[in-house]
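Analysis of the macromolecular model
The residues making up each chain are set out below.
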4 protein chains.
Amino acid sequence: MHTLQNLKKKYSEVRQGTEYLCKNISAEDHVVQPIEDVSPPKWHLGHSSWFFEVFILMPYMKAFKAYKPEYHFLFNSYYESMGDRILRANRGNLSRPASEEIYSYRKYIDAAMLAFMDTLNETDTKLIYLIELGLNHEQQHQELLVYDIKYILGNNPLFPAYSEKIPTTENPVIPASDKNEAIRLEEGVYSIGYQGNGFCFDHEREHHKVYINGAMIDKYPVLNGEYLEFIHSGAYEKFEFWLSEGWDYIQRNRIRAPLYWHRIDNTWWHYTLSGLQLLDENIPVSHVSYYEADAYARWKNKRLPTEAEWEVAALQEHEKIPGNANFLWAKNFECTALNGDNKLFGDVWEWTSSAFAAYPGYIQERGALGEYNGKFMINQMVLRGGSYATPADHIRFSYRNFFHSNKRWQVCGFRLAQ
Amino acid sequence: MHTLQNLKKKYSEVRQGTEYLCKNISAEDHVVQPIEDVSPPKWHLGHSSWFFEVFILMPYMKAFKAYKPEYHFLFNSYYESMGDRILRANRGNLSRPASEEIYSYRKYIDAAMLAFMDTLNETDTKLIYLIELGLNHEQQHQELLVYDIKYILGNNPLFPAYSEKIPTTENPVIPASDKNEAIRLEEGVYSIGYQGNGFCFDHEREHHKVYINGAMIDKYPVLNGEYLEFIHSGAYEKFEFWLSEGWDYIQRNRIRAPLYWHRIDNTWWHYTLSGLQLLDENIPVSHVSYYEADAYARWKNKRLPTEAEWEVAALQEHEKIPGNANFLWAKNFECTALNGDNKLFGDVWEWTSSAFAAYPGYIQERGALGEYNGKFMINQMVLRGGSYATPADHIRFSYRNFFHSNKRWQVCGFRLAQ
Amino acid sequence: MHTLQNLKKKYSEVRQGTEYLCKNISAEDHVVQPIEDVSPPKWHLGHSSWFFEVFILMPYMKAFKAYKPEYHFLFNSYYESMGDRILRANRGNLSRPASEEIYSYRKYIDAAMLAFMDTLNETDTKLIYLIELGLNHEQQHQELLVYDIKYILGNNPLFPAYSEKIPTTENPVIPASDKNEAIRLEEGVYSIGYQGNGFCFDHEREHHKVYINGAMIDKYPVLNGEYLEFIHSGAYEKFEFWLSEGWDYIQRNRIRAPLYWHRIDNTWWHYTLSGLQLLDENIPVSHVSYYEADAYARWKNKRLPTEAEWEVAALQEHEKIPGNANFLWAKNFECTALNGDNKLFGDVWEWTSSAFAAYPGYIQERGALGEYNGKFMINQMVLRGGSYATPADHIRFSYRNFFHSNKRWQVCGFRLAQ
Amino acid sequence: MHTLQNLKKKYSEVRQGTEYLCKNISAEDHVVQPIEDVSPPKWHLGHSSWFFEVFILMPYMKAFKAYKPEYHFLFNSYYESMGDRILRANRGNLSRPASEEIYSYRKYIDAAMLAFMDTLNETDTKLIYLIELGLNHEQQHQELLVYDIKYILGNNPLFPAYSEKIPTTENPVIPASDKNEAIRLEEGVYSIGYQGNGFCFDHEREHHKVYINGAMIDKYPVLNGEYLEFIHSGAYEKFEFWLSEGWDYIQRNRIRAPLYWHRIDNTWWHYTLSGLQLLDENIPVSHVSYYEADAYARWKNKRLPTEAEWEVAALQEHEKIPGNANFLWAKNFECTALNGDNKLFGDVWEWTSSAFAAYPGYIQERGALGEYNGKFMINQMVLRGGSYATPADHIRFSYRNFFHSNKRWQVCGFRLAQ
């Protein structure tokens with residue numbers, strides 16, 4: 001739990017971080033929405049401010065005056081409790097309010113929040129929790145901003161670069177021998193889930209026991225070069241490796257490679273946030289659907305780990321989340337070469353074979369904040385470990401991310417188990 | 001495992017059972033397909049024969065001559081390994097071959113199968129297994145026939161009856177006190193999955209350990225009368241009880257009650273296979289989607305059991321599957337009043353909160369038969385316990401049925417846990 | 001106008017004709033609806049009876065008792081004035097009432113109608129008109145029955161035959177020289193539209209003047225053999241011949257030939273009501289969309305005639321509709337070889353370049369019968385001349401048929417002009 | 001035909017006019033595409049330049065260097081002859097190239113075009129024609145820019161204004177008596193179509209004779225106030241006034257008033273380019289579909305005029321297009337009150353009952369420019385007269401505009417005939 005002093009500092013850092021991510025994009029980049037999953041950057045900027053406004057300032061700060069009432073309609077995402085909202089698919093039509101206006105809105109909210117935090121004391125635990133929740137929420141939108149900016153630029157016929165830095169993997173530091181090693185989990189009873197008194201999401205609780213039937217978990221996620229073999233083996237044409245839904249999905253969407261991969265004159269390129277680059281075979285594969293991850297595993301006669309196996313492996317391998325993991329503020333904006341120390345965190349979110357479901361003893365938050373996670377516990381798969389778009393101070397061993405099995409615009413890869 | 005003698009007897013019984021189910025429907029009833037989920041009865045009659053033809057007779061019976069080659073195209077369901085097939089949505093366009101022709105096809109296959117079984121001996125275990133699989137497959141289609149005939153007749157504006165018998169529940173035998181009791185599961189390690197050397201599907205294995213965090217499982221499934229309270233409380237209008245997908249689903253499909261329920265002049269009726277009847281409040285609710293089951297549970301501040309909890313509860317309550325459970329050949333064709341002996345089997349398949357996934361150590365069958373279950377392990381939920389449309393000798397404690405969360409034409413209800 | 005005596009005779013003939021068309025199809029053929037455009041034969045049998053019941057017997061025959069009230073819901077086609085009706089796309093789900101039941105319904109209506117006609121006298125012109133309308137309506141459904149039966153059988157993988165007779169064109173009687181001749185229309189003012197006091201549809205009136213700017217109209221419609229050249233020239237791959245909508249249409253629906261044409265091992269076959277046959281190059285092409293007719297014309301540097309040009313050409317060439325034209329009761333059920341006498345009638349309906357619109361002075365009928373034609377005067381094209389599925393006594397020089405430009409299950413071909 | 005001197009002047013005027021229209025919108029307004037019909041303003045700016053580049057500069061100007069080859073992919077609209085192009089629905093995803101970049105592109109093209117025109121002489125008629133075509137094309141895009149900007153701003157929840165000027169109709173100058181007068185057309189032969197040697201589109205030719213069966217054409221289009229009576233009469237709920245397609249269309253799209261009309265607390269407002277305003281009852285109704293125009297006419301027991309009737313009426317009433325007609329460069333950006341002099345031009349395009357089709361003797365242009373009009377001659381209706389978004393020097397008596405019957409984002413109204 002943050003002290004109040006830390007909280008103000010963290011508030012400023014997080015809020016500035018969000019704006020930092022939008023520094024290199026144009027006014028026009030702020031507004032477009034090429035697919036429904038993607039939200040325009042200006043919408044993220046507004047929505048993350050709206051969250052503080054409607055969940056904290058309006059109910060709890062006396063004398064607070066709403067910035068503009070119509071923003072409550074424009075920047076509500078999916079909270080049925082918070083009234084009507086613009087259709088998700090229409091977010092990309094909002095040329096007004098201008099992005100500049102939204103930056104003013106952010107300033108207004110920031111001033112109010114900082115003033116409001118000055119009025120709190122350490123016993124206002126509920127409010128402190130809400131502020132932490134708002135910051136964690138904004139960090140999730142930072143991650144989404146990276147996905148969405150990548151999608152906006154990476155689907156533009158001009159393939160513009162977002163970042164100057166070009167990640168290089170000339171010297172991958174994992175010894176080949178190490179690559180093939182696995183983490184062994186002995187059969188038995190283990191515990192997973194959040195334990196402690198810091199911040200976590202409701203669905204990380206309760207800390208509870210699970211039975212692991214013994215497993216070998218790969219030390220590293222699958223790399224682009226390995227995935228290329230899967231492609232070249234013709235696996236996208238062979239139904240026997242695919243889930244039935246997955247086979248339909250790749251036919252219907254004519255998918256023959258991860259998102260952002262382009263074969264040009266027999267050479268493979270991938271769009272990265274540094275522009276179109278030759279495919280780097282030494283970094284983890286990313287932007288594959290659950291279907292593709294599962295098919296790869298079947299092709300290898302292996303399987304994906306469950307989320308419990310993943311968490312137990314992480315707890316066994318790492319005392320704490322490694323400081324050199326490739327998270328957002330390393331500003332690589334792409335996967336990097338693996339190294340020997342860090343095995344389970346950063347680079348890519350990893351698909352697990354577990355459907356997103358309530359843990360034993362799960363209690364959904366009441367009211368609008370209960371809409372945060374609990375209502376998505378169907379037909380989504382859990383991903384673990386964080387990506388190069390995840391803020392390092394946002395993630396935990398018990399952190400559960402979740403997406404539908406057909407999504408791949410998020411930074412997602414996978415590792416194998418058996 | 002059946003002896004060969006038993007197997008021939010069982011073969012004849014199962015095959016006749018299928019035809020028995022179609023005895024009361026007209027030639028025209030045999031052909032229609034009102035929605036894609038429903039297959040025309042004639043298609044089931046042909047497909048279950050095709051299964052024996054292509055998986056047993058053609059590869060293993062010397063001198064067998066295929067009935068008509070075009071039937072291989074017409075009656076393949078989803079086996080990619082077995083070549084092209086008619087689009088599922090087009091099954092209802094097949095006015096030819098005539099149903100009569102398909103009954104001739106069945107006779108042809110039956111004669112061949114009986115002759116073929118005479119050539120086997122007890123050591124032909126693989127072939128005996130395949131025949132058992134074919135019979136289990138046909139029993140699954142018996143169950144589907146009941147669902148599909150109910151859908152065809154129950155969506156006809158004339159609401160014709162299929163069965164003369166009108167189930168009555170005048171004297172429900174559960175004492176009210178008993179209704180509220182629950183089955184207590186102590187926290188600890190248990191085992192589930194198939195154990196033994198009889199027939200089971202690949203996905204019921206391996207028998208393995210699970211950790212149960214302690215639970216109370218209702219003794220009986222939710223009844224129509226209880227579900228009516230949920231409806232009358234206005235729960236279909238209150239988003240807070242619904243999964244996000246479920247809320248969309250009931251809006252988009254304008255769902256306000258289980259399938260087959262009709263409110264006519266303020267009185268509730270339900271279509272049963274005996275025609276349109278006053279809603280019977282004393283029988284388990286059926287034909288609800290997973291979304292509705294989950295919403296009901298939230299409305300009650302409870303939850304659905306996991307499939308492991310369900311199986312452990314069944315093993316704890318019953319030594320064997322109760323003989324008086326309401327299964328197919330009781331020929332009730334509807335739920336019946338509950339009685340004190342039987343708690344977990346028959347009447348309705350029960351939605352669990354578990355997504356259909358591989359058990360530890362699961363090995364998918366090779367070849368076409370591997371397409372039976374393994375390729376559906378995504379975005380489907382497990383149901384347990386069997387229904388009034390399930391043959392009693394088809395089910396097991398470890399039996400795992402699975403459907404998508406939006407389906408409700410199958411006979412599905414649910415029980416609560418906490 | 002018919003005398004009453006004639007009318008009774010015609011009534012019986014028409015009604016029996018409809019049933020004759022269904023004599024060779026099975027009970028199961030009666031019920032299916034492979035696409036929304038096609039109605040199940042049993043529906044046509046019911047609907048054409050419903051028309052007499054609700055427009056004549058119920059309002060005008062004292063003591064008439066409706067056969068079954070629910071039939072009014074089942075057999076209304078599109079008459080908003082006549083109350084609710086079953087969704088068009090659900091017609092194919094009606095396994096009940098059984099076809100037999102519908103034949104009983106027909107008998108009931110026929111008995112009532114014949115009794116009712118006995119009570120009329122020659123001055124009951126409005127009622128006589130309504131009966132004639134009912135018979136013309138039923139003749140239209142005879143034509144649709146032929147289309148729909150052809151679609152049901154012709155899209156069945158077994159390609160069953162409907163008719164025993166196999167039309168032959170071994171000796172086409174048009175001299176090749178004649179084939180290339182054209183009908184010359186001099187520039188000037190002409191009259192078109194219905195003139196006289198017999199029966200016609202509201203949209204054939206008023207008889208009115210039109211200005212023809214001079215034209216040459218081909219003597220015969222385009223033949224299969226000619227159309228084959230168009231295909232072999234690669235025209236389906238060249239956008240420059242196609243209307244923009246047409247180009248989209250053939251891409252989206254992967255159309256590369258007329259409906260019912262099949263290329264098998266480099267040979268062209270076409271499904272006819274006599275089963276799958278080698279393509280007959282000497283008969284008019286049929287089952288092409290307006291888009292294909294238009295593209296063919298552009299490919300030939302010609303155009304389609306307007307409906308006024310067509311009617312003026314017909315009036316100029318023929319004194320009356322030729323008795324040897326290939327209409328329904330010749331029972332060919334397919335186009336036949338052309339002969340020198342008949343140039344504009346029978347074989348195929350011919351697409352014209354005229355959109356279906358009101359003639360000057362058009363007065364839509366009041367009430368439900370006004371829904372017959374007037375509400376379709378948008379986005380449909382006029383076809384002229386009748387087909388092998390049109391009863392000869394149903395057509396007139398002024399007869400205007402109309403379909404959407406993307407439809408081709410009707411018997412439609414075209415001729416060129418310039 | 002323009003002299004070369006005039007042409008350069010007109011070139012500059014038209015090109016500046018386009019940019020003038022975008023002066024008052026923001027960078028973000030330039031990029032969005034709320035519906036597929038609407039193109040982002042930046043796309044219009046680029047596409048109208050592309051037209052000069054690919055049809056004139058690249059083929060005819062020696063030493064011309066394409067600005068950027070990728071622009072040929074980005075700014076092709078629908079010319080199949082000109083190669084691949086971005087999907088229409090994806091135009092709104094193009095945050096890059098920036099609008100600023102596109103203004104640079106325009107400058108580059110303008111410099112080249114002006115230099116190129118200096119090299120021409122009066123005998124280069126083909127090139128002069130192409131330049132005129134390019135300017136007419138750009139004027140069409142000026143009109144589309146007005147529609148699209150109105151749609152972008154008018155569907156924004158903030159309803160921002162585009163123009164400062166608020167049109168007022170306090171003093172409508174048509175005497176009420178005049179309003180009810182009609183233009184009488186005597187029965188007989190008339191001529192329509194383009195005649196002369198100036199610029200016209202291919203589909204305005206040939207000048208040809210038509211027969212008019214006599215008609216009364218209203219002197220003025222239907223006004224908002226009159227249309228309000230239609231709404232208040234409940235006509236949107238009464239199928240009997242509607243084309244069958246129209247009835248489906250208003251149900252499916254929940255249409256109960258013209259586009260841009262809003263009923264707020266029982267008062268009618270309409271969005272105009274000057275922002276949300278009280279509905280002005282004295283100006284012509286606009287933004288109605290063909291279906292609504294046709295339904296209004298049926299409700300009044302009248303009909304829409306044919307395009308021939310419209311053109312004959314215009315030729316009879318006006319010697320030349322009235323100078324005071326409300327066209328684009330009056331900069332009203334909205335309909336204005338009618339006045340006695342001008343009856344048929346400006347304010348709103350008027351739906352006619354004529355489908356867009358080839359005139360007798362029509363010859364489609366060869367090559368890519370042939371894709372301009374001829375390929376749209378199906379399922380579209382002709383509109384006549386020009387609107388407040390049409391440049392006055394763009395229109396002619398013979399000018400034929402055309403849209404699908406369900407479109408209403410263009411400035412369209414209608415007048416009645418009988």
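Everything numeric in this text was worked out from a predicted model, so none of it was measured.

What follows concerns the nonpolar core. Ranked by internal contacts, the top residues of the largest apolar core, which has 264 residues, are Phe414(B) and Phe414(C). Sequence-distant contacts of Phe414(C), defined by excluding residues within four places in its chain, comprise Pro221(C), Val222(C), Tyr227(C), Val285(C), Val288(C), Ala293(C), Tyr296(C), Leu304(C), Trp349(C), Glu350(C) and Trp351(C). By size, the runner-up hydrophobic cluster in this structure holds 263 residues, among which are Ala112(A), Leu135(A), Ala112(D) and Phe201(D).

This next bit is on the relation of the copies chain B and chain C. For the match of chain B to chain C, the screw axis carries a shift of 0.0 Å, the RMSD comes to 0.0 Å, and the turn is 180°. Here the two chains are linked by the operation of a two-fold rotation axis. Scanning chain B for the C-alpha nearest the rotation axis identifies Glu28(B), at a separation of 2.5 Å. In this assembly the copies share their binding face: 100% of the residues contributing to the interface of chain B also contribute to that of chain C.

Attention now goes to the sheet that holds strand β7 (residues 275–278) of chain B. Residue and element names in this part refer to chain B. Across the sheet, which stays open at both edges, the 3 strands sit in the order β5-β6-β7 with antiparallel pairing between neighbours. Looking at which strands have only one partner, the edges of the open sheet turn out to be β5 (261–264) and β7. Across the sheet, the mean angle separating the axes of adjacent strands is 35° when strand polarity is ignored. The sheet strands contacting helix α7 (residues 224–232) are β5 and β6 (267–272), and the helix crosses β5 at an angle near 60°.

Both copies of the chain are placed relative to one another by a rotation about an axis and a shift along it. At an RMSD of 0.0 Å, chain A and chain D line up after a rotation of 180° and a shift of 0.1 Å along the axis. By residue overlap, the copies meet face to face through one surface: 100% of the interface positions of chain A are interface positions in chain D.

The next point concerns the packing of helix α1 (residues 4–21) of chain C against helix α2 (residues 41–60) of chain C. To characterise two packed helices, one gives the angle between the axes of the helices and the distance between these axes. All names here are of chain C. Where α1 meets α2, the closest approach of the two axes is 10 Å, and the angle between their N-to-C directions is 160°. It follows from the interaxial angle that α1 and α2 lie roughly antiparallel. The handedness of the crossing between α1 and α2 comes out as left-handed. Where α1 abuts α2, its residues Tyr11, Arg15, Thr18 and Glu19 lie against Leu45, Ser48, Ser49 and Phe52. Of the residues assigned to the contact of α1 with α2, the class counts are 3 nonpolar, 3 polar and 2 charged.

Reading guide: rules and limits
- Residues numbered from 1 in each chain as written.
- Chains lettered and ligands numbered in written order.
- Predicted model: local features only at pLDDT ≥ 70, side-chain atom pairs only at ≥ 80, totals over all residues.
- Heavy atoms only, no water.
- Core = buried A, V, L, I, M, F, W, Y, C linked by side-chain atoms within 4.5 Å.
- Buried < 20%, exposed > 50% of the residue type's maximum accessible area, 1.4 Å probe, protein only.
- Contact = heavy atoms within 4.5 Å.
- Least-squares fit on C-alpha atoms with pLDDT ≥ 70 in both.
- Pairing = 2+ DSSP bridges.
- Helix = DSSP H or I, 4+ residues; strand = E, 2+ residues; numbered from the N terminus.
- Axes fitted to C-alpha atoms, helices over the stretch in contact; angles between N-to-C directions.
- Parallel < 35°, antiparallel > 145°, perpendicular 65-115°, else oblique.
- Left-handed = near helix turned anticlockwise from the far one by under 90°.
- Nonpolar A, V, L, I, M, F, W, Y, C, P; charged D, E, K, R; others polar.

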